[in-house]
Amino acid sequence: AEQINVRLAQAQVTPQQMSMSFLPGEERVLDMEVFAPVKGPLDLYILMDFSNSMSDDLDNLKRMGKELATLVKSLSDDYTIGFGKFVDKVVEPQTDMRPTK
């Protein structure tokens, strides 16, 4: 019979497959094992608006970088952190190009 390997650190259920036939009104008891790791894999991606209006948010993200890394590491031993940036296009309708603004 299949056994759960807790060292895999991933969700597992056993048995994985079975086949049963029932007559009307018939009941059966089925034993299953389920393993859910305490710390599963974790992916975190932060997409940041690099326009000037968001500069204070970028400063906050920089300040809390070590705290964020510590938190993610406490949640999982298998983690990936990614960062991305974008700036809005300086063309209408994404931006108001009127000189009075």
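Residues numbered from 1 in each chain as written. Predicted model: local features only at pLDDT ≥ 70, side-chain atom pairs only at ≥ 80, totals over all residues. Heavy atoms only, no water.

J.: Give me the pattern of salt bridges: which residues, what numbers.
T.: Once their charged atoms are close, side chains differing in charge can pair, the charge on each being opposite to the other. Per the counting criterion, the structure on display carries 2 salt bridges. Residue Lys39 is joined to Asp77 by a salt bridge in which the shortest nitrogen-to-oxygen separation is 3.8 Å. With Lys39 in the loop between strand 2 (33–35) and strand 3 (42–49) and Asp77 in the loop between helix 2 (65–75) and strand 4 (79–86), this residue pair connects regions lying 38 residues apart in the sequence. For Asp77, a relative accessible area of 65% translates into the label exposed. (Salt bridge = Lys/Arg side-chain N within 4 Å of Asp/Glu carboxyl O. Helix = DSSP H or I, 4+ residues; strand = E, 2+ residues; numbered from the N terminus. Buried < 20%, exposed > 50% of the residue type's maximum accessible area, 1.4 Å probe, protein only.)

J.: Can you explain the packing of aromatic side chains? Please cite residues and give values.
T.: Both the distance between ring centres and the angle between the ring planes are used here to describe each pair of aromatic rings. A complete count under the given rule lists 0 aromatic pairs for this structure. Just above the ring of Phe22 sits the side chain of Arg28; from NZ or CZ to the centre is 5.7 Å. (Phe/Tyr/Trp six-rings, centres within 6.5 Å; stacked < 30°, edge-to-face > 60°. Lys NZ or Arg CZ within 6 Å of the ring centre and 35° of its normal.)

J.: Quick one: what's the story with unusual backbone geometry, residue by residue and with numbers?
T.: Cis geometry is adopted by the peptide bond preceding Pro15, which originates at Thr14 and carries an omega value of 0°. Checked against the element boundaries, Pro15 lands in the loop between strand 1 (12–14) and strand 2.

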